[in-house]
Amino acid sequence: MSKETIESSAAAIAGRVGARELSAAEVTEEALGRIAASDDAVGAYLTVLGDGAREHALRVDARIAGGESLPLAGVPLAVKDNMCLTGTRTTCGSKILENWIAPYTATAVQRLLDAGCVPVGKTNMDEFAMGSSCENSALGVTRNPYDLSRVPGGSSGGSAAAVAAFEAAIGTGSDTGGSIREPGAFCNAIGFKPTYGRISRYGLIAFASSLDQIGPLTRTVEDAALAYDAMAGFDPMDATSVDRPVETAATHLRTDLKGVRIGIAREFDTAKLGAESHACYARAYRDLEALGAELVEISLPTADYGLATYYLIAPAECSSNLARFDGVRYGLRVEGDDVQAMYEATRAAGFGAEVKRRILIGTYALSSGYYDAYYVRAQKARTLIAADFAKAFETCDLIASPAASSPAFEFNAKSDPYSMYLMDYYTIPFSLAGLPALSVPCGWVTPEGGSSPMPMGLQLAAPLFEERALLGAAHAYEVATSHATRHRPRLAEVAK
Amino acid sequence: MASDSIDVRYVAKLARIALTDEEVERFGAQLGDLLEHVRALEKLDTGSVAATAQVIASRNVERGDDVRGCLDRETVLEQAPQRQGAFFRVPRIIAAE
């Protein structure tokens, strides 16, 4: 198989496998070869599936031989390690689940397998999806394929890096406050978070249940649409899964933006991001206009409260969700003199610093005497933030903004927790409102002190359930600007 | 909004996490810093605003009371940190008289 094919899109791979020009087994060997050549340097995967992947590939080839038509036939899939895949280690990037073997498969993953994907590995992530750089993983370091001295973003940084390094064509991510969109932006990928409830969370290890949403990381918008079409839809196994027909997106990709009103929020002043980033976003907005879109100034007066709201609601929900990791039924156990001591020692040894911080802040915000002052107030702020978006969408069809507060930064650059939280300033308000949003490459900026141009991401967001319009517009922008293909990952020296 | 400083030891007890003295100090400072940031919410008038728990309207979901397949006991117990026969083994919970 040619180098061009393994580096081509999921759509192209599926087309060739479906036409029997290639077998899923051959594509899988090629993907495993890429992983063997470059993943020591990139570190995208915590587990590589090897023979397990080969078995999946043979099943796909058998289905195609049997006459089945599979929209993602033979496409190498990277699965974020907070999603269950039967018989594989599923760690959440945590020592507390370091040796846990999933006894079932997440619905979203199963639907990708049903569509013909071949899982090649489980990817690194910030522990329990809490972080924006993958540095909070207890189990490995993932590097940005465009500059190995920089982070890939997070929490879905492993999947983003795998896709960027051509070690998979589709990666699954989960996004609570920006965990798909920010690593997408950092790694020159499409990072797409659908409407809350659109894709089942069954088999996704919970962080903050009212915010968590699964979505794809890919190299093209078309691939994101194909992955979304495969994953979306009602699942009786997830009580918050939305029972509403899915409008397929891959069939409705656009090449212009005529008649589309795109809102630019007055409050999201990109000048504070520095001259180069500011110019990058100004050009992106002009390019949207050149494609026929009408730019509309909108106001999101409460968006600035997004971070404060999020850092009460998400930790509160996490403190409740992570109570299940107590050393009794699965995962790590550290013995103590009595059951209380066992719980405390297990959780002390099993959780990393960021997870402990979030559990503590959440426990505090929910504790007697503080519940109304913190948690309920944040829930009320969430109402106001969602109302601002609803009002904005009366005058526009989509909203454009930066996807992250900077390009990918160097390791250990954000040792103060709050400085890391600020990376998700632009993505969090959309998450609180449950809106579908994605990051699409919009240019390259060489960070101060950096040696390579790093990718920048434009966030596009749509009203609830308007995934088709969102992906359609992102496709028009991507095809017209071709930012993603302007530079290659810097892995040539690694592959030799 | 409350302005009390966070009693990290007490909260850690509620959260069932043992902390070292160093962690108490470090997390105390970091959480105090975060609480300063979230106090920005005091500026929002939320008096007559309803709280949002879920952004997408949801309803209670029930299923029929019928027997269905589930994970078999051996599969589940294989993941147990300690087991005894068909049970999870845990430290004594009720103290001896």
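Parameters and conventions
Residues numbered from 1 in each chain as written. Chains lettered and ligands numbered in written order. Predicted model: local features only at pLDDT ≥ 70, side-chain atom pairs only at ≥ 80, totals over all residues. Heavy atoms only, no water. Helix = DSSP H or I, 4+ residues; strand = E, 2+ residues; numbered from the N terminus. Rg over C-alpha atoms; globule rule 2.2 N^0.38 Å. Buried < 20%, exposed > 50% of the residue type's maximum accessible area, 1.4 Å probe, protein only. Areas by Shrake-Rupley, 256 points an atom, 1.4 Å probe, with all protein chains shown as cover. Lys, Arg positive; Asp, Glu negative; His and termini not counted. Charge placed at Lys NZ, Arg CZ, Asp CG, Glu CD. Axes fitted to C-alpha atoms, helices over the stretch in contact; angles between N-to-C directions. Parallel < 35°, antiparallel > 145°, perpendicular 65-115°, else oblique. Contact = heavy atoms within 4.5 Å. Nonpolar A, V, L, I, M, F, W, Y, C, P; charged D, E, K, R; others polar. pLDDT = per-residue confidence, 0-100. Buried area = accessible area lost by both parts, 1.4 Å probe. Salt bridge = Lys/Arg side-chain N within 4 Å of Asp/Glu carboxyl O. Polar contact = N/O pair within 3.5 Å; in protein donor to acceptor, adjacent residues only side chain to side chain. Core = buried A, V, L, I, M, F, W, Y, C linked by side-chain atoms within 4.5 Å. 1 Å grid on protein atoms, 1.4 Å probe; cavity = no way out; pocket = protein on both sides within 12 Å on 5 of 7 lines; lining within 4 Å. Points joined across faces, edges and corners; volume = space filled by probe spheres on them. Left-handed = near helix turned anticlockwise from the far one by under 90°.

Student: How should the overall build of chain B be read in this particular structure?
Tutor: Assigned secondary structure in chain B consists of three helices and two strands. Helices and strands in chain B line up, N terminus first, as α-α-α-β-β. Radius of gyration (C-alpha) of chain B: 23 Å, far over the 13 Å computed for a compact globule of 97 residues. Going through the 97 residues of chain B one by one, you find that 30% of them count as buried. For chain B, the computed accessible surface area is about 6,900 Å², with 49% contributed by carbon and sulfur atoms. Put simply, chain B has 13 plus and 17 minus side-chain charges, and the middle of one group is 7 Å from the middle of the other.

Student: Is there a simple way to think about the packing of helix H12 (residues 353–366) of chain A against helix H13 (residues 371–392) of chain A in this case?
Tutor: Two measures define how a pair of helices packs: the angle their axes make with one another and the distance between the axes. All names here are of chain A. Across the interface, H12 lies against H13 with an axial gap of 6 Å and an inter-helix angle of 110 degrees. Taken together, H12 and H13 sit at an angle that is classed as roughly perpendicular. Here Tyr364, Ala365 and Leu366 of H12 come into contact with H13, specifically with Tyr371, Tyr374 and Tyr375. Classifying every residue of the contact of H12 with H13 gives six nonpolar, no polar and no charged.

Student: What exactly am I supposed to notice about the confidence of the model for chain B here?
Tutor: All names here are of chain B. Scored by pLDDT, chain B has a mean of 90; 94% of the residues are at 70 or more. When mean pLDDT is taken per element in chain B, helix H1 (residues 8–14) scores highest with 97 and helix H3 (residues 73–77) scores lowest with 94. The complex model carries a pTM of 0.97, and its ipTM stands at 0.94.

Student: Would you mind showing me how to read the interface of chain B and chain A here?
Tutor: Buried accessible area, meaning the area lost when the parts come together, often serves as the stated size of an interface. Facing the 54 residues of chain B at the interface are 61 residues of chain A. Of the roughly 5,200 Å² buried where chain B meets chain A, counting both sides, 69% is carbon and sulfur surface. The largest contributions to the chain B side of the interface with chain A come from Arg16(B), Ile56(B) and Gln79(B), which together make up 12% of the buried area. Counting the contacts that link chain B with chain A gives two salt bridges. A salt bridge links Glu23(B) to Lys356(A); the nearest nitrogen and oxygen atoms lie 3.1 Å apart. Scanning the region where chain B abuts chain A turns up 17 residue pairs in polar contact (both at pLDDT 80 or more). Sorting the residues of the side of chain B that touches chain A by element identifies H1 and helix H2 (21–38) of chain B as the ones contributing at least two each.

Student: Explain the nonpolar core here, please?
Tutor: In globular proteins that are soluble, nonpolar side chains generally tend to be buried together. Residue and element names in this part refer to chain A. With 164 residues, the main nonpolar core has Phe128 and Leu458 as its most contacted residues. The element best represented in this core is helix H10 (residues 306–321), accounting for nine residues. Sequence-distant contacts of Phe128, that is, excluding residues within four places in its chain, are made with Cys92, Ser94, Ile96, Leu97, Ile205, Phe207, Leu322, Phe325, Phe351 and Val355. If you look at the next biggest cluster of nonpolar residues, it comprises 15 residues, including Ala164, Ile180, Phe409 and Met423.

Student: Please clarify how the layout of surface pockets should be interpreted in this entry.
Tutor: Unfilled space is identified by rolling a water-sized probe across the atoms. All names here are of chain A. In this structure, the largest pocket encloses a volume near 570 Å³. Together, 20 residues line the largest pocket, and Cys84, Trp100, Tyr104, Arg324 and Tyr330 are the ones closest to its centre. Its residues assigned to classes, the lining of the largest pocket comprises 14 nonpolar, three polar and three charged. For the second largest pocket, the calculated volume is near 380 Å³. Taken together, 21 residues line the second largest pocket, and the ones lying closest to its centre are Asn188, Arg219, Thr220, Ala484 and Thr485. Split by residue class, the lining of the second largest pocket holds eight nonpolar, nine polar and four charged.

Student: Where do I start with the packing of H12(A) against H2(B) in this structure?
Tutor: Orientation of H12(A) relative to H2(B), taken along the N-to-C sense of each, is 60 degrees, at an axis distance of 11 Å. As far as their axial angle goes, H2(B) and H12(A) are oblique. For the pair H12(A) and H2(B), the crossing hand works out as right-handed. Side by side, H12(A) and H2(B) meet where Ala353(A), Lys356(A), Arg357(A), Leu360(A), Ile361(A) and Tyr364(A) of the first sit next to Glu23(B), Arg26(B), Phe27(B), Gln30(B), Leu31(B), Leu34(B) and Leu35(B) of the second. Each residue belonging to the contact of H12(A) with H2(B) can be placed in one class, and the counts come to eight nonpolar, one polar and four charged.

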